Amino acid sequence: MKHKKVAKKQWGDGTIAIHMGEDHHRGDAPVGVSIARTANFVFGDTERMKLRAEGKLSAYIYTRYGNPTLALAEKKIAALEGAEEAIVTASGSAAISSALLSLLRAGDELISTQQIYGGSYRLMRDTLPRLGITVRFVESDLGGIERLVTPRTKALYVETPTNPTLRLVDLERAAEFAKEWGLVSLIDNTFASPILQKPIEFGFDMVLHSASKYLSGHSDVIAGAAAGSAALIRQVRETVIGLGGSMDPEAAFLLIRGMKTLRVRVEHQHRSALEVARYLSKHPKVARVHYPGLSSHPDHALAKRQMHGFGSMMAFELKGTPKAALAAARRFCDRVKVFLLAASLGGVESLVVLPIYTSHTGMSPAELKASGVEPGTVRVSIGLEDPEDLIEDLRQALA
Ligand SMILES: *Cc1c(COP(=O)(O)O)cnc(C)c1O
């Protein structure tokens, strides 16, 4: 009973991403995607205006409330995640904050895994407590999670694989725990993408994405999404409209266009990443490689169980004392020629970055330890260049 099908899926992911929601068979239909580049929509007549106000007619009025180009992106993401509905947002952070704020109020409690995206962690550490919401953190292995639940706990938030050490949360166990205690379960599925991991099949209630990463895939747009039941997404939509995190139609076009190649990109990137991880793990100067596709990774067996591939994110440390490893990591990052030294991930370009100066900057030594980040940890995102060129670049930068 691993892959519980929630909705009958007719198409594979590649076909969904290309055709879902599009009216391609009408005469004169454009094959390409049109952008409804407009802030507002005409009512037509006062009768339609009145019916809309009374909630008897659903119609587009203003793009912050909804727009047909956004709706197309939403149909594709919902279908890819096996969800009833989805909403696209101005960023992944807008999706995450609006989703949590749609569920939680002052006095409520949230349980979150400790190893999460830096921005999400700061939301939970600084912003939610200011609003009277208590956040309790649990390790990715969910050890001792039973002791964190109180009558005020409303939701469970996880991220898997984690940034940057690629630890995994057991999806089936997390979703079952949430069901048992009546919590809404949310997952940030950015690192895996719906091609490699479909949390709703494991019983998760809501899936969140930074669509700035794999979904759009070309490092040219900031975007986010949430997918789940119609009832939950209606709540998130109200919050997004109210707080103003709606997506722009131009961004929706880039997201839709990027998603058309999502499946081939993710599958190709995953194959290259496995080659790169194997190369790094045999390199004499490399102390450790964090990649769930390697049998040495502590969550390798779990990755094989719950993912359809290991993805194209990894991290590694060079040998030496923490100080020497950081100096070596900086030398490596300053020498790469094909890899770019840049934040973000999931695009066609391969990237390297030092988490202590980016995602994990400003964290205390205890927080760094809890998130598994060492001073010399190098995070790698594998893009779509030829893997031989990537490996040659690593060879020269490590020499
Ligand atoms: C980038 C990222 C986010 C934040 O998304 P934005 O689109 O930058 O707001 C959230 N979670 C993960 C895992 C990310 O990588």
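Here, the structure is the one placed above.
Cut-off values and rules
- All residue numbers refer to position in the chain's written sequence, counted from 1.
- Owing to the predicted nature of the model, reporting of local features is limited to residues with pLDDT of at least 70; listing and counting of side-chain atom pairs is limited to 80 or more, with chain, interface and lining totals taken over all residues.
- The basis for the side-chain values is all heavy atoms of the structure; hydrogens and waters are excluded.
- A run of H or I in DSSP counts as a helix once it spans at least four residues, and a run of E counts as a strand once it spans at least two, with each numbered from the N terminus.
- Whether two residues are in contact is decided by their heavy atoms, any of which lying within 4.5 Å being enough.
- Whether a residue is near a molecule or strand depends on its heavy atoms: if one lies within 4 Å, it is near.
- Between N or O atoms, a polar contact is any pair within 3.5 Å; within protein, one atom must be a potential hydrogen donor and the other a potential acceptor, and residues adjacent in sequence are included only when both atoms are from side chains.
- Computed with a 1.4 Å probe, the accessible areas rest on the Shrake-Rupley method; for each residue, only the protein chains presented here act as cover.
- Amino acid classes used here: Ala, Val, Leu, Ile, Met, Phe, Trp, Tyr, Cys and Pro are nonpolar; Asp, Glu, Lys and Arg are charged; the rest, including Gly, are polar.
- Think of a nonpolar core as a cluster: buried Ala, Val, Leu, Ile, Met, Phe, Trp, Tyr and Cys residues, connected wherever their side-chain atoms sit within 4.5 Å.
- For each residue, the accessible area found with a 1.4 Å probe, counting protein chains only, is set against the maximum for its type, and the residue is called buried under 20%, exposed over 50%, and partly exposed in between.
- An automatic or database domain assignment is the source of the domain bounds shown.
- To estimate the expected span of a helix, count its residues, drop one, and scale the result by 1.5 Å.
- A carboxyl oxygen of Asp or Glu within 4 Å of a side-chain nitrogen of Lys or Arg is what we treat as a salt bridge.
- For Phe, Tyr and Trp, where Trp contributes only its six-membered ring, two rings pair if their centres lie within 6.5 Å, and the inter-plane angle classes them as stacked under 30 degrees, edge-to-face over 60, or tilted in between.
- DSSP calls a pair of strands paired once it identifies at least 2 bridges connecting them.
- When the strands point away from the viewer and the path from the first strand over the helix to the second turns clockwise, the crossover is right-handed.

Caption draft 1: View of the environment of L394. Among the secondary structure elements, L394 is positioned in helix α14 (residues 387-398). Here the alpha-carbon distance between L394 and V336, two residues 58 residues apart in the chain, equals 6.9 Å. Ignoring any residue separated from it by four or fewer positions in sequence, one finds L394 in contact with V276, Y279, L280, F332 and F339.

Caption draft 2: Summary view of the site of the ligand. As a matter of local geometry, the ligand sits amid 14 residues, with S93, D188, S210, S212 and K213 nearest to it. Taking G92, its main chain carries an N or O atom lying 2.8 Å from an oxygen atom of the ligand. S212 has a polar side-chain atom sitting 2.7 Å from an oxygen atom of the ligand. Across the complex, the protein chains shield 93% of the 380 Å² of accessible surface that the ligand would expose by itself. Of the residues assigned to the shell around the ligand, the class counts are five nonpolar, six polar and three charged.

Caption draft 3: Local environment of the nonpolar core. L100, L186, M206 and F332 are the most contacted members of the largest nonpolar core, which totals 119 residues. Residue contributions to this core reach at least three from each of two domains, namely domain 1 (13-259) and domain 2 (262-398).

Caption draft 4: How the structure looks around helix α4 (residues 92-103). Taking 1.5 Å of rise per residue, 12 residues should cover 16 Å, and α4 covers 17 Å from first to last C-alpha, within 8% of that figure. With 10 of its 12 residues buried, α4 lies for the most part within the structure. All of the buried residues along α4 are G92, A94, A95, I96, S97, S98, A99, L100, S102 and L103. Where α4 begins, one side-chain oxygen reaches toward the backbone nitrogen of S93, 3.3 Å away; that side chain belongs to S91.

Caption draft 5: Here's a closer look at the pattern of salt bridges. Overall, the coordinates contain 18 salt bridges when judged by the stated rule. Salt-bridge contacts for K56 lead to E54; the nearest nitrogen and oxygen are separated by 3.2 Å. Here K56 falls in the exposed class, since its relative accessible area comes to 62%. When the shortest N-O distance is used, the salt bridge between D170 and R305 registers 3.6 Å. Linking D170 in the loop between β4 (153-159) and α6 (171-181) with R305 in helix α11 (residues 300-306), this pair joins segments that are 135 residues apart in sequence. A relative accessible area of 23% places D170 in the partly exposed class. The exposure class of R305 is partly exposed, given its relative accessible area of 43%.

Caption draft 6: How the structure looks around the packing of aromatic side chains. Counted according to the given criterion, the structure contains six aromatic pairs. Aromatic side chains F177 and W181 sit 6.1 Å apart centroid to centroid with 40° between the ring planes, which places their arrangement in the tilted category. Residue F177 and its partner W181 are both found in helix α6; the two are separated by four residues, about one turn of the helix. For W181, a relative accessible area of 41% puts it in the partly exposed group.

Caption draft 7: Highlighting the pairing of strand β3 (residues 134-138). Where strand β2 (residues 109-113) and β3 come together, five bridges link them in parallel fashion. Residue E109 lies in a different strand from β3, and its bridge partner there is T134. At this point the chain moves from β2, through helix α5 (residues 118-130), to the parallel β3, and the crossover so formed is right-handed.

Caption draft 8: Seen up close, the side chain of T190. Examined against the element boundaries, T190 turns out to sit in the loop between β5 (184-188) and α7 (193-196). Its relative accessible area of 7% is what places T190 among the buried residues. A distance of 2.8 Å separates a polar atom in the side chain of T190 from the backbone nitrogen of S210. If we ignore the near neighbours within four places in the chain, the residues touching T190 are L208, H209, S210, K213 and Y214.

Caption draft 9: Molecular detail of unusual backbone geometry. Here the amide bond leading from T160 into P161 is cis, since omega sits at -5°, within 30 degrees of zero. Among the secondary structure elements, P161 is positioned in the loop between β4 and α6. Residue P164 is reached from N163 by a cis peptide bond, and omega for that bond is 0°. Relative to the elements of secondary structure, P164 occurs in the loop between β4 and α6. For L142, which is not glycine, the phi torsion reads 60° and is therefore positive. Unusually for a residue other than glycine, S219 sits at a positive phi of about 55°. For S219, the position within the fold is in the loop between β6 (206-210) and β7 (224-228).

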